[in-house]
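The chain contents come next:
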Amino acid sequence: MIGGLLAAGLALLLVSCGSTRHSAPPRAEELTGYVLVIEEAPDGQVHHSWQLATGFDLSRYDLRARVGGTTGSILLASSRPRDCDQEHIDCFRDCMKRRLPAKWNHLKREDGSKSRYCSTECLRQYQDCLKLQQSHALQFTSTNEAVDWLKRHRTELLVGGIVVIAGAAFVILSAGAGLVVLAPVVLVAG
């Protein structure tokens, strides 16, 4: 009985050690090989894991930001000045040209409801653009300090923002809805 429990415990330990998720931070010189994932569990607890970038599916994020059904490239906050006004105009034009998702088929151009929908959705993107222009890269000297801060402020993060952790630059690929994903800039730039 005790031997069986001990064997089961060892097997569980071996399986957990073989995982590519690491809650302990990698060494500073290894950070560019890892993706940081912060998740909120249904019970409200917030957990993080460092996942090997080679085993992480970055294509799932398509390096694109989806805002209200519109899609636009993630632009790094420090890459180049953005023209938020022109992006807002383009967003509205694109939204008005394309078909809306099935759940919004009841909105019609003729009665102005599609225009109101597009205005609302593009306003969110416009406000995010303005916030990113005003923001500076978050900088942390240690991984523990960064993870603690990011867990507490996860709802304030914007997709495309830059976070520097122990000298390694990360871009925020996903933020909100209980999940934050930061990938090394060296993996997404190019």
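Residues numbered from 1 in each chain as written. Predicted model: local features only at pLDDT ≥ 70, side-chain atom pairs only at ≥ 80, totals over all residues. Heavy atoms only, no water.

Colleague: Can you help me understand the packing of helix H2 (residues 84–97) against helix H3 (residues 113–134) in this one?
Modeller: When two helices pack together, their arrangement is given by the angle between the helix axes and by the axis-to-axis distance. Running from amino to carboxyl end, H2 crosses H3 at an angle of 155 degrees, the nearest separation of the two axes being 9 Å. On the basis of the axis angle, H2 is roughly antiparallel to H3. In the packing of H2 onto H3, the handedness of the crossing is right-handed. Where H2 approaches H3, its residues Cys 84, Asp 85, Glu 87, His 88, Cys 91, Phe 92, Cys 95 and Met 96 are matched on the opposing element by Lys 114, Ser 115, Tyr 117, Cys 118, Ser 119, Cys 122, Leu 123, Gln 125, Tyr 126, Cys 129, Leu 130 and Gln 133. A breakdown of the residues in the contact of H2 with H3 according to their chemical character gives twelve nonpolar, five polar and three charged. (Axes fitted to C-alpha atoms, helices over the stretch in contact; angles between N-to-C directions. Helix = DSSP H or I, 4+ residues; strand = E, 2+ residues; numbered from the N terminus. Parallel < 35°, antiparallel > 145°, perpendicular 65-115°, else oblique. Left-handed = near helix turned anticlockwise from the far one by under 90°. Contact = heavy atoms within 4.5 Å. Nonpolar A, V, L, I, M, F, W, Y, C, P; charged D, E, K, R; others polar.)

Colleague: Is there a simple way to think about the state of the cysteines in this case?
Modeller: Note: disulfide means a covalent bond formed between the sulfur atoms of two cysteine side chains. Applying the stated criterion across every chain, the model contains three disulfides. Sulfur-sulfur distance for the disulfide between Cys 91 and Cys 122 comes to 2.1 Å. Sign of the S-S torsion, about -80 degrees for the bond between Cys 91 and Cys 122, identifies this disulfide as left-handed. Of the two residues, Cys 91 sits in helix H2 while Cys 122 sits in helix H3, which places them 31 residues apart along the sequence. (Disulfide = S-S within 2.5 Å.)

Colleague: Sorry, what's going on with a negative patch on the surface here?
Modeller: On the surface, Asp 83, Asp 85, Asp 90 and Asp 94 cluster together into a negatively charged patch. Take Asp 83: it is sitting in the loop between strand E5 (70–73) and H2. By relative accessible area, which is 43% here, Asp 83 ends up partly exposed. (Patch = residues over 30% accessible without salt bridge, like charges linked within 9 Å, V, L, I, M, F, W, Y side chains within 5 Å. Areas by Shrake-Rupley, 256 points an atom, 1.4 Å probe, with all protein chains shown as cover. Salt bridge = Lys/Arg side-chain N within 4 Å of Asp/Glu carboxyl O. Lys, Arg positive; Asp, Glu negative; His and termini not counted. Charge placed at Lys NZ, Arg CZ, Asp CG, Glu CD. Buried < 20%, exposed > 50% of the residue type's maximum accessible area, 1.4 Å probe, protein only.)

Colleague: Is there a simple way to think about the packing of aromatic side chains in this case?
Modeller: Aromatic ring pairs: the centre-centre distance and the angle between the two ring planes describe each pair. The full count for this structure, using the stated rule, is two aromatic pairs. Summarising the aromatic geometry, the rings of Phe 140 and Trp 149 are spaced 5.7 Å apart at their centres and angled 45 degrees between planes, so their arrangement reads as tilted. Taking relative accessible area as the criterion, Trp 149 reaches 23% and is therefore assigned partly exposed. (Phe/Tyr/Trp six-rings, centres within 6.5 Å; stacked < 30°, edge-to-face > 60°.)

Colleague: Is there a simple way to explain the pairing of strand E3 (residues 46–52) in this structure?
Modeller: Where a strand is regular, its side chains alternate between the two sheet faces. In the sheet, strand E2 (residues 34–40) pairs with E3 via seven bridges, with the strands oriented antiparallel. Each residue of the ladder has a partner; that of Val 37, found in E3, is Ser 49. Taking the residues that link successive antiparallel strands as the turn, the E2-E3 hairpin has five residues, and the phi of Gly 44 there is positive, at about 95 degrees. (Pairing = 2+ DSSP bridges.)

Colleague: Quick question: what am I supposed to make of the side chain of Arg 154 here?
Modeller: Within the secondary structure, Arg 154 sits in the loop between helix H4 (143–152) and strand E7 (162–165). Among the polar contacts listed, one links the side chain of Arg 154 to the side chain of Glu 40, at a separation of 3.1 Å. A distance of 2.4 Å separates a polar side-chain atom of Arg 154 from the backbone oxygen of Lys 151. Ignoring any residue separated from it by four or fewer positions in sequence, one finds Arg 154 in contact with Ile 38, Glu 40, Val 46 and Val 180. (Polar contact = N/O pair within 3.5 Å; in protein donor to acceptor, adjacent residues only side chain to side chain.)

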